[in-house]
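Chain by chain, the residues run as shown.
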Amino acid sequence: MTKRNRNGNAWINTSPSELRLRGSVTVGLLIAELCAGACGSGGTGGTPPDPGIVSDHVYYVDSVTGDDASSGLDEMHPWKTLSKVSAANLLPGDTVLFHRGAVFRGTLAAGENSYSHNNGSAKASLRFGAYGSGAKPVFLASEALDLPSDWVSEGSNIWRSARSFPRDIGNILFVNGSGVTVGFKKFAVTDLKTEKDFFYDLAGKRASGSGVVKIYSVSNPAAGGALHVELAPNLPNIYLENAHNVIVEDLDLRYAGSHGVAAANSDHIGVRRLDI
């Protein structure tokens, strides 16, 4: 099927066999839409590549054994992070492969924007995919607050995050062996009345540039049996702005506070075999 944004200038091709949504919880929706403001991960970018050039480099990325100072040009010298890929100035015809079984945090950016100068062209697509064997590479847009020290009691079953966040937190996820449960977002501290109700301090963000999260919990949120406590900011797993001829395939996208894939002013964007 084909989906266009309301301006008709961004589309995603999928078929029912190519896209699988999680049955337990859908944190990010695979859509193409015009983002209001920056949704990227903050890569440094650089000089935009010449769209007339076609390359055939294959880059490898492994969050466990990788090093962003490496060449990335073979499996023995992979890059490590999504931010490295976002700022790599990839050319049409290039391929970036993420190691199966590895977990990557942050947002992958592509296109011509403040975060990235990675793009395809009518001559050749830019492709992101997977290599190796086993489970698909996992992209986590969330930040983990797994330790009891990550939370400070304010009394009356209200807990405050020990650090603040520059972006609004769209969701909180509690991940354990039996699955994922989610928090319930409220818009005032006084509305925190039941387990897992949470609030992001927008007023604090306006005043200082970042805000804390407060949650209602009868015990420390990181000591209540959850293996992982994940805070999902309003960011996508993959952000495409002014992107052309980009293919994304064989990835597992999780815990975004906005979308799995967000595209703005982009065309010829293909997605295949994504778990979201």
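Details of the structure are given in the entry above.
Let's talk about the pattern of salt bridges
Right, on to step 1. Summed over the entire model, instances satisfying the criterion amount to eleven salt bridges.
Right, on to step 2. A salt bridge links Asp168 to Lys185, with the shortest nitrogen-to-oxygen separation between them at 2.8 Å. Placement of the pair is Asp168 in the loop between strand E14 (158-161) and strand E15 (169-176) and Lys185 in strand E17 (residues 184-186), with a sequence separation of 17 residues.
Right, on to step 3. We classify Asp168 as buried; its relative accessible area is 16%.
Right, on to step 4. Ionic pairing is found between Glu249 and Arg272, a salt bridge with its closest N-O pair at 2.9 Å. On the criterion of sequence distance, the pair formed by Glu249 in strand E22 (residues 244-249) and Arg272 in strand E25 (residues 267-272) is long-range, its members being 23 residues apart.
Right, on to step 5. Judged by its relative accessible area of 4%, Glu249 falls in the buried class.
Right, on to step 6. Of the residues examined, Arg272 reaches a relative accessible area of 29% and is grouped as partly exposed.

Concerning the environment of Ser210
Right, on to step 1. Examined against the element boundaries, Ser210 turns out to sit in the loop between helix H2 (202-208) and strand E19 (213-216).
Right, on to step 2. Under the relative-accessibility criterion, Ser210 is labelled buried at 19%.
Right, on to step 3. With 46 residues separating them in the primary sequence, Ser210 and Ser164 have C-alpha atoms 5.6 Å apart.

Overview of the packing of aromatic side chains
Right, on to step 1. Using the criterion set out here, one finds six aromatic pairs in the structure.
Right, on to step 2. Their ring planes at 15 degrees and their centres at 4.7 Å tell us that Tyr59 and Trp79 sit as a pair that is stacked. Residue Tyr59 is found in strand E5 (residues 58-61), and its partner Trp79 is found in the loop between E5 and helix H1 (82-86); the two are separated by 20 residues along the sequence.
Right, on to step 3. Overall, the relative accessible area of 5% leaves Trp79 in the buried class.
Right, on to step 4. On the basis of an interplanar angle of 85 degrees and a centroid distance of 4.9 Å, the ring pair of Tyr60 and Tyr131 is categorised as edge-to-face. Of the two residues, Tyr60 sits in strand E5 while Tyr131 sits in strand E10 (residues 126-131), which places them 71 residues apart along the sequence.
Right, on to step 5. By relative accessible area, Tyr60 is classed as buried at 15%.
Right, on to step 6. Aromatic rings pair up to connect Phe98, Phe104 and Phe139 into one cluster.
Right, on to step 7. Lying across the ring of Phe174, Lys196 places its NZ or CZ 5.0 Å from the centre.

Let's talk about unusual backbone geometry
Right, on to step 1. Phi at Ser156 is positive, roughly 55 degrees, even though this residue is not glycine.
Right, on to step 2. Along the chain, Ser156 turns up in the loop between strand E13 (151-155) and E14.
Right, on to step 3. Since its relative accessible area comes to 68%, Ser156 is described here as exposed.
Right, on to step 4. In this model, Asn265 sits at a positive phi of 50 degrees, which is unusual for a non-glycine residue.
Right, on to step 5. You can see Asn265 is positioned in the loop between strand E24 (259-264) and E25.

Rules of the game
- Residues numbered from 1 in each chain as written.
- Predicted model: local features only at pLDDT ≥ 70, side-chain atom pairs only at ≥ 80, totals over all residues.
- Heavy atoms only, no water.
- Salt bridge = Lys/Arg side-chain N within 4 Å of Asp/Glu carboxyl O.
- Helix = DSSP H or I, 4+ residues; strand = E, 2+ residues; numbered from the N terminus.
- Buried < 20%, exposed > 50% of the residue type's maximum accessible area, 1.4 Å probe, protein only.
- Phe/Tyr/Trp six-rings, centres within 6.5 Å; stacked < 30°, edge-to-face > 60°.
- Lys NZ or Arg CZ within 6 Å of the ring centre and 35° of its normal.

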